[in-house]
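Given next are the chains, with one letter for each unit.
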Amino acid sequence: MRDPASFNRGDQAPMASTDGRQEAFHALPVIDVSRLMVEAQPIARAAAEVYLRHTTPWFVGLVAHGSALKGGFIAGCSDVDL
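Residue numbers restart at each chain and count upward from 1, following the sequence in its written direction. In keeping with the predicted nature of the model, local features appear solely for residues at pLDDT of at least 70, side-chain atom pairs appear and are counted solely at 80 or more, and the whole-chain, interface and lining totals rest on all residues. Only hydrogens and water are set aside; all other atoms, that is, all heavy atoms of the structure, feed into the side-chain values.

A. Looking closely at the overall build of the protein chain. Put simply, DSSP marks the helices as runs of H or I at least four residues long and the strands as runs of E at least two long, and each gets a number from the N terminus on. When its secondary structure is counted, the protein chain shows two helices and two strands. In the protein chain, the succession of α and β elements from N to C terminus is β-β-α-α. When each of the 82 residues of the protein chain is scored for burial, the buried share is 21%. Put simply, of all contacts in the protein chain between residues at least 6 apart along the chain, 32% involve residues at least 24 apart. Here the open area of atoms and residues is found with the Shrake-Rupley method and a 1.4 Å probe, where only the protein chains shown may cover a residue. Entry remark: accessible area of the protein chain is about 5800 Å², with carbon and sulfur atoms responsible for 56%. Between buried and exposed lies partly exposed: a residue is buried under 20% and exposed over 50% of the maximum accessible area for its type, with that area taken using a 1.4 Å probe on protein chains only. Every residue pair with non-hydrogen atoms within 4.5 Å of one another is taken to be in contact.

B. Region of interest: the side chain of Thr-56. Inspection of the secondary structure puts Thr-56 in the loop between helix H1 (41-55) and helix H2 (67-70). Polar contacts, as counted here, are pairs of nitrogen or oxygen atoms within 3.5 Å of one another; within protein the pair requires one atom able to donate a hydrogen and one able to accept it, and residues that are adjacent in sequence qualify only if both atoms are side-chain atoms. Polar side-chain contacts of Thr-56 include one of 2.4 Å to the backbone oxygen of Leu-52.

C. How the structure looks around the confidence of the model for the protein chain. Each residue carries a pLDDT score, the predictor's own confidence in it, on a scale running from 0 to 100. Taken over all residues, the pLDDT of the protein chain has a mean of 80, while the share at 70 or more is 68%. By mean pLDDT, the top-scoring element of the protein chain is H2 (96), and the lowest-scoring one is strand E1 (residues 12-16) (54). Throughout residues 1-10 the model reports pLDDT below 50, and contacts reaching past four residues in sequence, or to other chains, amount to 17 contacts.

D. Fine view of a nonpolar patch on the surface. Only residues whose relative accessible area exceeds 30% and that form no salt bridge enter a patch; like-charged residues are grouped when within 9 Å of one another, and nonpolar side chains (Val, Leu, Ile, Met, Phe, Trp, Tyr) when within 5 Å. What makes a salt bridge here is a side-chain nitrogen of Lys or Arg within 4 Å of a carboxyl oxygen of Asp or Glu, nothing more. A surface patch of nonpolar side chains, about 240 Å² in accessible area, is lined by Tyr-51, Leu-62 and Leu-82. Structurally, Tyr-51 can be placed in helix H1. On the accessibility criterion, Tyr-51 (41% relative accessible area) is partly exposed.

E. Spatial organisation of the nonpolar core. The definition of a nonpolar core used throughout is a set of buried Ala, Val, Leu, Ile, Met, Phe, Trp, Tyr and Cys residues joined through side-chain atoms within 4.5 Å. Grouped together as the largest cluster of nonpolar side chains are ten residues: Ile-31, Val-33, Leu-36, Ala-40, Ala-44, Ala-48, Leu-52, Ala-64, Ala-68 and Phe-73. The dominant element in this core, judged by the number of residues it contributes, is H1, at three residues. With sequence-adjacent residues up to four places away left out, Ala-40 is seen in contact with Ala-68 and Phe-73.

Next up, the structure:
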């Protein structure tokens, strides 16, 4: 099985089958940070990629909230709430 970190958007990621003998494949989710403040987008994308890399077979979704979404985010000071 390939490391999920080696996949690009739109690639197929391996997922264990129910019988444990075969690999099923599903499309990797697209990481969309376009609704976040521009200053928060790079760190949110990097964090989302880490979550995705480690949880690909079980990944359902990830939601951003707080100042990165609503405004008031201060680069180098604010956290990104996921």
